[in-house]
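A structural walkthrough
If you want the building blocks of each chain, they are given just below.
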Amino acid sequence: MTLKTLVFSVATAAATVLALPANAQFAKAEDAIKYRQSSLFVIGEHFGRIGAMVNGKLPFDAKAAQENADIVAAMAALPWAGFGPGTDKGAKHKAKPSVWTEQAKFKEHAQTFQTEAAKLAAATKSGDLAQIKTAFGPAAQSCKTCHDAFRNR
Ligand code: ASC
């Protein structure tokens, strides 16, 4: 590759990136879909570990509950950027069209989950399983309500 072709390639690549709409954070829809699915999967794993303790399927471990809840709370902000305009297709996924046609409602659900995840993380700081159970219920409910409304089976 000559210097001239290299400069041309870099300039072309930069132009491609700059040509994306300002709100597009992903190179392609497929990446956005992978991103939201991956982040939701990780959230589900860590949330599930707290759930197992709350439901008595795993012995209660206050430190583990706290660590898992901190991960859930931090990651709760992430998936939503992956549901941007045009990401209703591009890869296999289970999101209903209503995600894009009822955006205000979808955003409200996303916000509720973030609020409940923060409350759950705060509850785990108490080290008290009863308090964790109290916060876990509404957090799990927020997952379910959104899935029922916006996710295909
Ligand atoms: C989980 C998980 C969900 C929620 C939901 C709560 O652990 O992966 O989607 O809890 O099942 O009802």
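Up top is the structure.
Predicted model, so just to flag it, every value in this text is computed and none were measured.

Scanning the protein chain from N- to C-terminus turns up six helices and zero strands. Written out in order from the N terminus, the α and β elements of the protein chain read α-α-α-α-α-α. Residues counted as buried form 31% of the 153 residues belonging to the protein chain. Element-wise, carbon and sulfur atoms account for 62% of the exposed surface of the protein chain, whose accessible area totals about 9,400 Å².

What follows deals with the packing of aromatic side chains. Enumeration according to the criterion identifies seven aromatic pairs in this entry. When the centroid spacing of 4.5 Å and the interplanar angle of 15° are considered together, the rings of F47 and F136 count as stacked. Of the two residues, F47 is situated in helix α2 (residues 29–54) and F136 in helix α6 (residues 129–150); the sequence distance between them amounts to 89 residues. Just as F47 is buried, F136 falls in that class too. Ring centres of W80 and F106 lie 5.8 Å apart, and the angle between their planes is 75°; this geometry places the pair in the edge-to-face category. Remark: F106 occurs in helix α5 (residues 103–124) and W80 occurs in the loop between α3 (62–75) and α4 (98–101); sequence separation between them is 26 residues.

As a further point, take the site of the ligand. What surrounds the ligand is the set G44, F47, G48, A140, C143, K144 and H147. A140 has a polar backbone atom sitting 3.5 Å from an oxygen atom of the ligand. Between the ligand and H147 there is a distance of 3.4 Å, counted from an oxygen atom to a side-chain nitrogen or oxygen. A total of 310 Å² of accessible area belongs to the ligand in isolation, and the protein chains cover 58% of it. For the shell around the ligand, the elements supplying multiple residues, two or more each, are α2 and α6.

Each value, and the rule that gives it
- Residues numbered from 1 in each chain as written.
- Predicted model: local features only at pLDDT ≥ 70, side-chain atom pairs only at ≥ 80, totals over all residues.
- Heavy atoms only, no water.
- Helix = DSSP H or I, 4+ residues; strand = E, 2+ residues; numbered from the N terminus.
- Buried < 20%, exposed > 50% of the residue type's maximum accessible area, 1.4 Å probe, protein only.
- Areas by Shrake-Rupley, 256 points an atom, 1.4 Å probe, with all protein chains shown as cover.
- Phe/Tyr/Trp six-rings, centres within 6.5 Å; stacked < 30°, edge-to-face > 60°.
- Near = heavy atom within 4 Å.
- Polar contact = N/O pair within 3.5 Å; in protein donor to acceptor, adjacent residues only side chain to side chain.

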